[in-house]
Amino acid sequence: MTEAKPQAAAAAPSRAGMKKELPEHFKAYRHVWVFVEVERGQVHPVSFELMGEGRKLADRLGVELAGVVLGPPGEATQAAVAECFAYGADLAYRVEDPLLADYRNEPFSKALTDLVNTYKPEILLLGATTLGRDLAGSVATTLLTGLTADCTELAVDQDGSLAATRPTFGGSLLCTIYTLNFRPQMATVRPRVMAMPERRERPIGRVVTHPLGLVEDDIVTKILSFLPDRDAGTSNLAYADVVVAGGMGLGAAENFQLVRALARTIGAEFGCSRPVVQKGWMPSDRQIGQTGKTIRPKLYIAAGISGAIQHRVGVEGADLIVAINTDRNAPIFDFAHVGLVADAIRLLPALTDAFARRLSPHNRDKLAG
Amino acid sequence: MHIVVCIKQVPDSAQIRVHPVTNTIMRQGVPTIINPYDLFALEEALRLRDRLGGTVTVVTMGPPTAEDSLRKALTYGADRAVLLTDRFFAGSDTLATSYALAAAIRRIGETFGPADLVFAGKQTIDGDTAQVGPGIAKRLGLLQLTYVSKLGAVDPDGRSIEVERRAEGGTQVLATRLPCLVTMLEGSNEMRRGTMADALRAAREPIVVWSAKDAGIEDIGKCGLRGSPTVVKRVFAPTARSEKAALIEVRPAARDTADALIDALFTRLPKLEAELIAAQTA
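Reading the values: the criteria
Residues numbered from 1 in each chain as written. Chains lettered and ligands numbered in written order. Predicted model: local features only at pLDDT ≥ 70, side-chain atom pairs only at ≥ 80, totals over all residues. Heavy atoms only, no water. UniProt positions renumbered as here; feature names shortened; annotations may be inferred. Helix = DSSP H or I, 4+ residues; strand = E, 2+ residues; numbered from the N terminus. Rg over C-alpha atoms; globule rule 2.2 N^0.38 Å. Buried < 20%, exposed > 50% of the residue type's maximum accessible area, 1.4 Å probe, protein only. Contact = heavy atoms within 4.5 Å. Areas by Shrake-Rupley, 256 points an atom, 1.4 Å probe, with all protein chains shown as cover. Buried area = accessible area lost by both parts, 1.4 Å probe. Salt bridge = Lys/Arg side-chain N within 4 Å of Asp/Glu carboxyl O. Nonpolar A, V, L, I, M, F, W, Y, C, P; charged D, E, K, R; others polar. Pairing = 2+ DSSP bridges. Core = buried A, V, L, I, M, F, W, Y, C linked by side-chain atoms within 4.5 Å. Domains from an automatic or database assignment. Right-handed = clockwise from strand over helix to strand, strands pointing away. Axes fitted to C-alpha atoms, helices over the stretch in contact; angles between N-to-C directions. pLDDT = per-residue confidence, 0-100. Phe/Tyr/Trp six-rings, centres within 6.5 Å; stacked < 30°, edge-to-face > 60°. Lys NZ or Arg CZ within 6 Å of the ring centre and 35° of its normal.

- Chain B goes by Protein FixA in an unreviewed UniProt entry, where it is assigned to Prosthecodimorpha hirschii.
- Regarding chain B, the relevant UniProt record gives this comment under Subunit (unreviewed entry): "FixA and FixB form a heterodimer."

- In the annotation of an unreviewed UniProt entry, the entry for chain A reads Electron transfer flavoprotein subunit alpha, and the organism field reads Prosthecodimorpha hirschii.
- Its UniProt record, at the heading Sequence similarities (unreviewed entry), says of chain A: "Belongs to the ETF alpha-subunit/FixB family."

**What about the overall build of chain B?**
Alright, step 1. For chain B, the count of helices and strands is seven helices and 15 strands.
Alright, step 2. Taken against the 2.2 N^0.38 rule, which gives 19 Å for 282 residues, the C-alpha radius of gyration of chain B at 24 Å runs more than 25% over that of a compact globule.
Alright, step 3. The principal-axis extents of the C-alpha atoms in chain B amount to approximately 70 × 50 × 40 Å.
Alright, step 4. Per-residue burial over chain B gives 54% buried out of 282 residues.
Alright, step 5. Considering only contacts in chain B between residues 6 or more positions apart, those separated by 24 or more positions represent 71%.
Alright, step 6. Carbon and sulfur atoms provide 51% of the accessible area of chain B, an area that totals close to 12,200 Å².

**Let's talk about the interface of chain B and chain A**
Alright, step 1. Contact with chain B, which involves 96 residues of that partner, is made by 100 residues of chain A.
Alright, step 2. Carbon and sulfur atoms make up 61% of the surface buried where chain B meets chain A, a total of about 9,000 Å² over both sides.
Alright, step 3. Viewed at the interface, chain A and chain B are joined by seven salt bridges.
Alright, step 4. The salt bridge partner of A:Asp334 is B:Lys244, with a shortest N-O separation of 2.9 Å.
Alright, step 5. The element that contributes the greatest number of residues to the side of chain B that touches chain A is helix 6 (residues 254–268) of chain B, accounting for eleven residues.
Alright, step 6. Counted by class, the side of chain B that touches chain A contains 45 nonpolar, 26 polar and 25 charged residues.
Alright, step 7. Direction of pairing for strand 13 (residues 222–228) of chain A relative to strand 11 (residues 170–177) of chain B: antiparallel, over a ladder of six bridges.

**What to know about the nonpolar core**
Alright, step 1. Counting residues in each nonpolar core, the largest one holds 45 residues, and the members touching the most others are A:Ile266, A:Leu299 and A:Phe355.
Alright, step 2. By residue number, the principal contributor to this core is helix 6 of chain B, which donates eight residues.
Alright, step 3. Residues contacting A:Leu299, with those up to four places away along its chain left out, are A:Asp241, A:Val242, A:Val243, A:Leu320, A:Val322, B:Leu265, B:Leu269 and B:Leu272.
Alright, step 4. With 38 residues, the next largest nonpolar core counts B:Leu42, B:Tyr76, B:Val148 and B:Leu151 among its residues.

**Observations concerning the domain arrangement of chain B**
Alright, step 1. Here chain B is described as being made up of domain 1 (2–227) and domain 2 (241–282).
Alright, step 2. Computed over C-alpha atoms only, the centres of domain 1 of chain B and domain 2 of chain B are separated by 48 Å.

**Topic: the pairing of strand 15 (residues 269–272) of chain A**
All names here are of chain A.
Alright, step 1. Alternating positions in strand 15 separate into two faces, Glu269 and Gly271 on one and Phe270 and Cys272 on the other, with burial throughout.
Alright, step 2. Note that strand 14 (residues 242–246) and strand 15 share four bridges and pair parallel. Note that in strand 15 the partner of valine 244 across the bridge is phenylalanine 270.
Alright, step 3. Where the polypeptide runs from strand 14 across helix 6 (residues 256–266) and back to strand 15, its parallel neighbour, the crossover connection is right-handed.

**Digging into the sheet that holds strand 12 (residues 206–209) of chain A**
All names here are of chain A.
Alright, step 1. Across the sheet, seven strands lie side by side as 7-11-6-1-4-5-12; this open sheet has parallel pairing. A single partner strand is all that each edge strand has here, and the edge strands are strand 7 (147–148) and strand 12.
Alright, step 2. Of the strand pairs in this sheet, strand 4 (residues 65–71) and strand 5 (residues 91–96) are connected by six bridges, and their pairing is parallel. From the neighbouring strand, valine 69 faces strand 5, where its bridge partner is arginine 94.
Alright, step 3. Lying on the sheet, helix 2 (residues 45–61) is in contact with strand 1 (32–36), strand 4, strand 6 (123–127) and strand 11 (185–189); it crosses strand 1 at an angle near 175°.

**Some points on the pairing of strand 17 (residues 320–325) of chain A**
Residues and elements named next belong to chain A.
Alright, step 1. Burial within strand 17 is extensive, with six of its six residues counted as buried.
Alright, step 2. Judged by which residues are buried, strand 17 turns out to be covered on both faces: Leu320, Val322 and Ile324 on one side and Ile321, Ala323 and Asn325 on the other are all buried.
Alright, step 3. Note that strand 16 (residues 299–303) and strand 17 share five bridges and pair parallel. Note that in strand 17 the partner of alanine 303 across the bridge is isoleucine 324.
Alright, step 4. Following the backbone out of strand 16, through helix 8 (residues 309–315) and into the adjacent parallel strand 17, one traces a crossover that is right-handed.

**Description of the confidence of the model for chain B**
Alright, step 1. Per-residue confidence for chain B gives a mean pLDDT of 92, with 94% of residues at or over 70.
Alright, step 2. Two numbers describe this predicted complex: its pTM, 0.89, and its ipTM, 0.90.

**Comments concerning unusual backbone geometry**
Alright, step 1. Cis geometry marks the peptide bond from A:Arg183 to A:Pro184, where omega comes out at -5°.
Alright, step 2. Structurally, A:Pro184 can be placed in the loop between strand 10 (173–179) and strand 11.
Alright, step 3. B:Pro179 follows B:Leu178 through a cis peptide bond whose omega is 0°.
Alright, step 4. Tracing the backbone shows B:Pro179 in the loop between strand 11 and strand 12 (180–184).
Alright, step 5. If you check the backbone angles, A:His31 has positive phi at about 85° while not being a glycine.

**Overview of the pattern of salt bridges**
Alright, step 1. Enumeration over the complete set of coordinates arrives at 34 salt bridges over all chains.
Alright, step 2. A salt bridge links A:Glu64 to A:Arg206; the nearest nitrogen and oxygen atoms lie 2.7 Å apart. Linking A:Glu64 in the loop between helix 2 and strand 4 with A:Arg206 in strand 12, this pair joins segments that are 142 residues apart in sequence.
Alright, step 3. Residue classification places A:Glu64 among the partly exposed positions, given a relative accessible area of 26%.
Alright, step 4. B:Glu43 serves as the salt-bridge partner of B:Arg47, at 2.7 Å between the closest nitrogen and oxygen. Taken together, the residues B:Arg47 and B:Glu43, both in helix 1 (residues 36–52) and four residues apart, mark about one turn of the helix.
Alright, step 5. On the accessibility criterion, B:Arg47 (34% relative accessible area) is partly exposed.
Alright, step 6. Connected through shared salt-bridge partners, B:Glu43, B:Arg47, B:Arg49, B:Asp50, B:Asp79 and B:Arg192 make up one network.

**Notes on the packing of aromatic side chains**
Any pair of aromatic rings gets described here by the distance separating the centres and the angle formed by the planes.
Alright, step 1. Using the criterion set out here, one finds nine aromatic pairs over all chains in the structure.
Alright, step 2. Between the aromatic rings of A:Phe48 and A:Tyr87, the centroid separation amounts to 4.0 Å while the plane-to-plane angle is 15°, which identifies the pairing as stacked. Of the two residues, A:Phe48 is situated in helix 2 and A:Tyr87 in the loop between helix 3 (75–86) and strand 5; the sequence distance between them amounts to 39 residues.
Alright, step 3. Residues A:Tyr93 and A:Tyr119 carry aromatic rings whose centres are separated by 4.9 Å and whose planes lie at 40° to one another, so their mutual orientation is tilted. Of this pair, A:Tyr93 sits in strand 5 while A:Tyr119 sits in helix 4 (residues 105–119), placing them 26 residues apart in sequence.
Alright, step 4. With relative accessibility at 27%, the residue A:Tyr119 sits in the partly exposed group.
Alright, step 5. Across from the ring centre of B:Phe112, 4.0 Å away, lies the NZ or CZ of B:Arg80, which sits over that ring.

Below, the structure is given as structure tokens:
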């Protein structure tokens, strides 16, 4: 179940050479769309990150950038439409219907599919969230077009095709994927992979409204209830300013309290590498890396993490990466900015104490004075 | 109840090596496993069968050697295994894969009785797309429940199912109609140890092997490379950063090393100290 199967990679040159005159009926497909994810009144930040990328693609192609907002009638949907323009959209498509109050596959995939078939975008970007992936897979299959998951780079080729780059083989290599003869070219991008663009207050521009065309009886799946996460902090990992993480070098599940203690002292979020989750030492929502969370903190401290590519692609957006590892040849020292060849189990408590001293009220006053 | 579970045989990612010159995956000698996420789907299907009665059919698309994973699934207690294998499938992307698997599941239904439920893992560890499950659902016209963390009441006679589904910021409790397709979240259960009886049966149980034609696929153009809208144009290793990490000297006392490290951090991020303090007072 893979985008970039070994066979596909091996056979790519012959296939890539087949290109191509885009079939006539696809030539009407123009412009770049970003699906704007609104859940319980909030726009997911990944939608704005995609708006930034979409703006670049649209400018390169000389076309318009549109935000697509699906939601119930009311303020939240209206606000999401306004945000599209604040983050650089030229226009917005809006489907407003009470049936779109909470995410369900059936009404959302119908609304998005109808919009695509009616207004024909050449590129459609979605966040690779649980919602975005659920929706994108359905819509791409209905449209019979290509969908590239979890892209880390989006670019436009000389001939105007979308070049979507993503990690492959569990993150050991990167590959660039094209959807040559089909439209739209669809891609998902995980939260935090792209930088957050600047928000600029701008008036609401052109808004195209489209009907959903469903009644509740048409929708089979019913939402019985919604149970919000109790530990709301877990979702902050991707957006935290400071992150401390541990890897297999910590040796045992109980040593992760050292990571937590340091994180608590400096007000950071904590995480771990993939093998740690596979060992069952940490829950999967704490995993940092290609298949976990992507982070872009100001400071990232990696303790006992070797730095496999799958981890690297999830942390490269950090301003400053600090690595603590006993193995001076560990790949993490190839992309960390500051390194310490030391045993994290010994060093973490010392680091926690040192930070506590530095950030103590006494020192605070000194700094203020 | 008839439950179909889609599995994939994948290289054990822990042992993948990349050829330093050609940047291709060196797959020789790399052991294969059942995609770990699929085990949660299989276990959930087996539990449901144990509770409500019926059969579990596992299906995979892959090379003839994918039989190994099917036999493994039989040792866990699956009743029947179907291998969809054909050179026409080589190079399939997710759209072509979902086309072929949907055809096979349709044929499984015609041959062994219609499927009430189709299970899949949330994604694979080699492709990580999470697209084939939704693709199969769409092609079979099944309702789709992805990222399911817990199965609630399943009523084969009333044709209904309730699940808990992981959503952004919380859990949705959903009810829908059978047949449907469920992708299971990791950690939702723990795979059983197969019984000795199942191990013995798995060794001699004939595997159902179907070509594209056997699965009722008439349009080969929708399979493999030809049926794949996406094209992999380039595979490459990420470029290394030009400079290596600046190493902090390790002092005899961990306390001194820690202080040196913090000095280095605050020098490189001059605003950090004030920000950390501000965050603490906030």
